[in-house]
Amino acid sequence: MATERYFFHDEQLSADPISGEKPLKLKYHAGGKWMESTSGNYMPCYNPSTGAVIAYTPQCTQDEVESTIQAAVHAFPKWSDMPVGKRMQVLFRLKALVDKNLEELTYLCAKEEGKKWEEAMGDVLKVNEVVEFACGAPHIMKGEALMNVSTGYDTTRYNHPVGVFAGIAPWNFPAMIPHGWMSPICIATGNCMVLKAASFVPQSSMRMMELWQEAGLPDGVLNVITAGRKEAELFLHHPDIKGISFVGSTSVGLHVYSTAAANGKRVQALCEAKNHALVLCDCKLDRTAQGIINAFCGCAGERCMALPVIVVENKIADDLVAALKKHIAQMKLGPAYDKGSDMGPVVNKGHQEFVLNWIETGIKEGAKLLVDGRKPTVPAGCEKGFFVGPTIFDHVTEAMSIGREEVFGPVLCIKRVDNFEEGLKIMNASRFANGSVIYTQNGYFARRFAKETHAGMVGINVGIPVPVGIFGFTGHKLSFFGDLHVMGRDGFIFYTESKNVTSTWFAEDTTDHGKVDTWDGTMTSMPEKEESIVIKECC
């Protein structure tokens, strides 16, 4: 356990009226130290299951953001020069510490973000999934070599760390994204990082930072801060930041991508989605219904790989609706950290209102409201929590914004079609292309769908087709800006730069080393002697 903690107790704070407990006051981490911010601006962090304030996190000043960058700059030369095997020892120890503290990390994630217990545990375990992959750095970072590329000349390609990166994390996965998608591969490849944790849910990221310290990560290699958008803008312009990994809205992602890229930085920006599933009449109906509910209600719909739209063949639409309503009626909403809850709350009051406003929009647009989640039943103690129940709209058309725009809540839209071709056309018309799903037992249509869908992550009878960490998270269209995705081999390429070294050596016992030509030996094939070139006059 770190001796200095990421929080402190401010005696001037009053107890929260809902919980009766005093909220924590949080710090930021730079150069191996937890420090109190000088900012007078602190944002409240809630327990969304009850509505209680559990912490206040600083909106750090620009000077404090600068201090985290300089801490990383200072740490980079020594960390990048450390043998890759020694760097991996830190990651191995981190993995063991995450396993050891799994229950605590799960509870913290559930408490601050609102994921139900098993979802919060998955959020944490996804950290280790990528950490384990990143431990393959000694093999994945290997370059390539070829002797005698030209007579007496050899070429070797090396992969080097780049420098300091900034990670700008969202609030919906407070452990997995900052400490799974962003920091492990960055650190394993010898880079340093400044991580801007989401101000709504910073504690999971800060607790993980303590575990990195306990694992022996040198000071300054990883730094964690919370800040407002104005202060975070520094990352996009700062000459010492070599790249940005961002997850968030499409509007902000486009700004991050265009601004940082214009300043010569590498960027991967993962943004919004409106994933669709095509449900064919030969699907396993009840299993499909359960998969759809898991996909649109899981994590309260607050994930960019959620399934907010299903495109259903008319032949089975009514039967599928009946199956969905049957299973939803059995769901129990409750505290995220209660292992008996089937679904937890959304993250905060503002987002609850955002989702509820979208439900009102769907009603105004003429969609048929089949299941209304605006006033869900919740257990005692959760009356002031930020709950939205499962909601289903039927007969949604392409003219309705509820079926086109990201709602980021447990809201399902049903679009009815006559056949495969009509359904695929609707799906591919979306400006987003994160995930797409088909439910069918027909191999021909499954294969066509996998080939013809625009989405970068495709599920065949899999409602949330997120690949494991050894593959990349491959969104397209307005769901992603950049060239190299997070995780997988792309992740290693994003955090390294290649260097080709060509060499030749001269014999010690002679002074005749031959004539140096224009190509200095790097042309693979040259004529042995000059040949005359005959140009025939055209008749």
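Residues numbered from 1 in each chain as written. Predicted model: local features only at pLDDT ≥ 70, side-chain atom pairs only at ≥ 80, totals over all residues. Heavy atoms only, no water.

K.L.:
Looking at this model, I keep getting lost on the pattern of salt bridges. Mind explaining?
P.N.:
Note that side chains of opposite charge can pair when their charged atoms are close. Under the defined criterion, the tally for this structure stands at 22 salt bridges. Between K95 and D99 there is a salt bridge whose closest N-O contact spans 2.5 Å. Taken together, the positions of K95 and D99, both in helix 2 (residues 84-100) and four residues apart, correspond to about one turn of that helix. Overall, K95 belongs to the partly exposed group, its relative accessible area being 25%. Judged by its relative accessible area of 36%, D99 falls in the partly exposed class. (Salt bridge = Lys/Arg side-chain N within 4 Å of Asp/Glu carboxyl O. Helix = DSSP H or I, 4+ residues; strand = E, 2+ residues; numbered from the N terminus. Buried < 20%, exposed > 50% of the residue type's maximum accessible area, 1.4 Å probe, protein only.)

K.L.:
Where do I start with the nonpolar core in this structure?
P.N.:
It is characteristic of soluble globular proteins that their nonpolar side chains tend to be buried jointly. Counting 125 residues, the largest nonpolar core has W181, F235, I244, I292, I310 and L324 as its most contacted members. Excluding its chain neighbours within four sequence positions, the residues that come into contact with W181 are M176, V247, L270, F473, V486 and M487. Counting residues in each nonpolar core, the second largest holds 26 residues, with L280, A300, L424 and F449 among its members. (Core = buried A, V, L, I, M, F, W, Y, C linked by side-chain atoms within 4.5 Å. Contact = heavy atoms within 4.5 Å.)

K.L.:
Where do I start with the packing of aromatic side chains in this structure?
P.N.:
One pair of aromatic rings is described through two measures. These are the centre distance and the angle between the planes. Scanning the entire structure with this criterion turns up 13 aromatic pairs. Considering the side-chain rings of Y46 and F386, the 5.8 Å spacing of their centres and the 85° angle between planes classify their relative orientation as edge-to-face. Of the two residues, Y46 is situated in strand 5 (residues 42-47) and F386 in the loop between strand 16 (368-371) and strand 17 (391-394); the sequence distance between them amounts to 340 residues. A relative accessible area of 5% means that F386 is categorised as buried. Taken together, a centroid distance of 4.9 Å and an interplanar angle of 85° make the contact between F494 and Y495 edge-to-face. (Phe/Tyr/Trp six-rings, centres within 6.5 Å; stacked < 30°, edge-to-face > 60°.)

K.L.:
Explain helix 2 here, please?
P.N.:
Each α-helix winds once per 3.6 residues, and so residues spaced three or four apart point in a common direction. Taking 1.5 Å of rise per residue, 17 residues should cover 24 Å, and helix 2 covers 25 Å from first to last C-alpha, within 8% of that figure. All of the buried residues in helix 2 are R87, M88, V90, L91, L94, L97 and V98. Among the structural elements, helix 1 (62-81), helix 3 (102-113), helix 4 (117-134), helix 5 (137-140), helix 6 (176-188) and helix 7 (203-214) are those in contact with the buried residues of helix 2. (Expected span 1.5 Å × (residues − 1).)

K.L.:
Quick question: what am I supposed to make of the sheet that holds strand 6 (residues 52-58) here?
P.N.:
Within a sheet, neighbouring strands are paired by backbone hydrogen bonds and run either parallel or antiparallel to one another. Across the sheet, which stays open at both edges, the four strands sit in the order 1-2-6-5 with mixed pairing between neighbours. If you trace the sheet from one side to the other, it starts and ends with strand 1 (7-8) and strand 5, each paired once. (Pairing = 2+ DSSP bridges.)

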